[in-house]
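Observations on chain architecture
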Amino acid sequence: MFKRGTTFVLGAGASKEAAFPLGLQLAQEIGAITAPRNTDESMQFFNTIRAALHTGDHNHLIGVCGMIHAAMPFATSIDDYIDNAGDPLIAKVAKMAIVHQILKAERESPLFESVEEGRVRNASSDPTLTTWYHHFWRQLSRDTKRANLDEIFDGVRIINFNYDRSLEQFLTSAVRNYYGTSWNEAAAVVSKCPMVRPYGSLGPIRGLENCIADFGDEVYPQQLLQMSNGIRTYTEQIEDKDALHRISEYSGDSRQMVFLGFGFHDQNLKLLRAGTSGELTILGTAFGESDYNIRELQQRLLTVFSIPGSSTMIGRILAGDPQLDDVSCGEFFDLRRFSLIAKITI
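1. Quick look at the environment of Leu 149
Looking at the element boundaries, Leu 149 is found in the loop between helix 7 (132–141) and strand 2 (156–160). We classify Leu 149 as buried; its relative accessible area is 8%. Leu 149 sits 41 residues away from Val 190 along the chain, and the two C-alpha atoms are 9.5 Å apart. With residues near it in sequence (within four places) discarded, Leu 149 still touches Thr 144, Val 175, Tyr 179, Thr 181 and Val 189.

Right, here's the structure in full:
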């Protein structure tokens, strides 16, 4: 099991290991489907959003899609673009585009299962075996008996900055297969995992109330519109007092904060800033970054979490400098496994 008080902070790089797009790739994909009806896929998307929005002003909607398409080559992410554009219709169409592409990525992910289509994951050839998902599960399930499944997430919290539902899908499948439960029983167990999503998600997967569409489902226009309502921008996030309180609680109660595939954007780091007493250890991945950039990121973490001119966190002390490793999320669990797991008491 993990050390008590461990909070995992997930960025796009974490979902990348299950074949989900990073921010720039997602922006490129959205640029492609909002091209002014010049491909089958863009025409299909346009017809879907037109039906969902019940608009007769086709030219205006075409213009909005054209604006999004033209902006994407210059956007660092679709999230930033929505926030900066400040136009309600652009935001609505862009959010539906996000949902459209994440559902597609879910369907193409190795985590996708479809009983109706006879597609069920083969555990022996699962391409996610070397990813952080399996490493994470092995520590969760270690010493957890079936009778105590409700305790499997004790001591662990997750702040998930991604829209996709890959973690819920993986964990539900893992609980079902490892402990021999039904899918619905497993989904109920996973739903109790303490997790907050600053920017929302596509909603619950099957087996849970309020599921609009399952992982990777093909959806109708109104379902796409409904699911897009669960996507939030940074501006919308900072107005959600309940989510901000939970983020502050998760961050503030942490004894160990682990960043997986995180981009370390200033606005996201500021959401994590919270104070409490006690030492805090910071670990994480910085895959593909140069030594110089890693040093800069470590300094950024110190700056964000520290009182100016002090080596202490806000009301607490750092247990050493932040440790960031140029490895994938899966490799990180091998490299740092003894830092992550609870010490054996004799």
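Having put the structure on the table, let's press on.
2. Let's talk about the layout of surface pockets
Its boundaries defined by the atoms lining it, the largest pocket holds a volume of some 1,100 Å³. Taken together, 40 residues form the lining of the largest pocket, with Ala 12, Gly 23, Gly 261, Gly 263 and His 265 sitting closest to its centre. For the lining of the largest pocket, the secondary-structure elements that each account for two or more residues are helix 1 (12–16), helix 2 (23–33), helix 5 (78–85), helix 13 (266–272) and helix 14 (291–305). No other element matches helix 1, which puts four residues into the lining of the largest pocket. Taken together, the residues of the lining of the largest pocket break down into 17 nonpolar, 14 polar and nine charged. Each pocket or cavity is described by its volume, and for the second largest pocket that value is around 410 Å³. Lining the second largest pocket are 19 residues, with Glu 168, Ser 191, Met 195, Arg 197 and Ser 201 positioned closest to its centre. Counting residues per element, the ones that place at least two in the lining of the second largest pocket are helix 8 (166–179), helix 9 (183–190), strand 3 (195–196) and helix 12 (241–252). Looking at the lining of the second largest pocket residue by residue, the classes come out as nine nonpolar, four polar and six charged.

3. Description of unusual backbone geometry
In terms of backbone geometry, most residues other than glycine have negative phi values and most peptide bonds are trans. A positive phi angle, near 75°, is found at Ala 19, a position not held by glycine. Checked against the element boundaries, Ala 19 lands in the loop between helix 1 and helix 2. The backbone of Asp 143 sits at a positive phi, close to 65°, despite the residue not being glycine. The residue Asp 143 is located in the loop between helix 7 and strand 2 in this model.

4. Concerning the nonpolar core
In this structure, Ile 68, Met 72, Ile 78, Phe 259 and Leu 272 are the most contacted members of the largest nonpolar core, which totals 58 residues. It is helix 6 (residues 88–108) that provides the largest number of residues to this core, a total of 10 residues. When neighbours within four sequence positions are excluded, Ile 68 is seen to be in contact with Ile 30, Thr 34, Tyr 81, Ile 90, Val 93 and Ala 94. Core analysis: the second largest hydrophobic core is formed by 42 residues, Phe 136, Ala 186, Leu 283 and Cys 329 among them.

5. Concerning the pairing of strand 2
Most of strand 2 sits inside the fold, with four of its five residues counted as buried. Of the pairings in the sheet, the one linking strand 1 (residues 6–10) to strand 2 comprises five bridges and is parallel in character. Bridge pairing in strand 2 places Phe 8 opposite Ile 158. As paired elements, strand 2 and strand 3 share two bridges and run parallel to each other.

6. Some remarks on the pairing of strand 5 (residues 279–285)
With respect to burial, strand 5 is a largely interior element, five of its seven residues being buried. By the bridge criterion, four bridges tie strand 4 (residues 256–260) to strand 5 in an arrangement that is parallel. Each bridged residue has a counterpart across the sheet, and for Val 258 the counterpart in strand 5 is Leu 283. Relative to strand 8 (residues 323–325), strand 5 is paired through three bridges, and the arrangement is parallel. Paired with Gly 284 across the two strands is Leu 324, which belongs to strand 8.

7. Thoughts on the environment of Asp 164
Mapped onto the fold, Asp 164 is located in the loop between strand 2 and helix 8. A relative accessible area of 5% means that Asp 164 is categorised as buried. For Asp 164, the residues in contact, after removing those within four places along its chain, are Ser 15, Phe 20, Ile 102, Glu 106 and Arg 197. Looking at Asp 164, its side chain comes within polar contact range of the side chain of Ser 15, at 2.7 Å.

8. Here's the deal with the packing of helix 6 against helix 10 (residues 221–228)
The contact between helix 6 and helix 10 brings their axes to 9 Å, and the two run at 105°. Between helix 6 and helix 10, the interaxial angle falls into the category roughly perpendicular. Within the contact between the two elements, helix 6 uses Lys 92, Lys 95, Met 96, Val 99, His 100 and Leu 103 and helix 10 uses Leu 224, Leu 225, Met 227 and Ser 228. Residue classes in the contact of helix 6 with helix 10 are distributed as six nonpolar, two polar and two charged.

How each quantity is defined
Note that residues are indexed from 1 along each chain, following the sequence as it is written. Totals for whole chains, interfaces and linings use all residues, but because this is a predicted model, local features are given only for residues with pLDDT of at least 70 and pairs of side-chain atoms are given and counted only at 80 or more. Each side-chain value is derived from all of the structure's non-hydrogen atoms; neither hydrogens nor water enter the calculation. Working definition: helices are DSSP H or I runs of at least four residues, strands are E runs of at least two. Numbering for both runs from the N terminus. In this scheme, a residue with accessible area under 20% of its type's maximum is buried, one over 50% is exposed, and one in between is partly exposed, where area comes from a 1.4 Å probe on protein chains only. Residues are treated as being in contact if the distance between any of their heavy atoms lies within 4.5 Å. A pocket, in this scheme, is an open set of points on a 1 Å grid over the protein atoms alone with protein on both sides within 12 Å along at least 5 of 7 lines, while a cavity is a set where a 1.4 Å probe fits but cannot get out; residues line either one if an atom lies within 4 Å of a point. Grid points are joined across faces, edges and corners, and a volume is the space filled by probe spheres set on the points. As a working rule, the residues Ala, Val, Leu, Ile, Met, Phe, Trp, Tyr, Cys and Pro are called nonpolar, Asp, Glu, Lys and Arg charged, and the rest polar, with Gly in that last group. Here, nonpolar core means buried Ala, Val, Leu, Ile, Met, Phe, Trp, Tyr and Cys residues that are tied together by side-chain atoms lying within 4.5 Å of each other. Two strands qualify as a pair provided that DSSP identifies no fewer than 2 bridges between them. Polar contacts here mean pairs of N or O atoms no more than 3.5 Å apart (in protein, one a potential hydrogen donor and the other a potential acceptor; neighbouring residues in sequence count only if both atoms are side-chain atoms). Each axis is a line fitted through C-alpha atoms, and for a helix only the stretch in contact is used; angles between axes span 0 to 180 degrees, taken between their N-to-C directions. Any angle from 65 to 115 degrees is called roughly perpendicular, while one under 35 is roughly parallel, one over 145 is roughly antiparallel, and all others are oblique.

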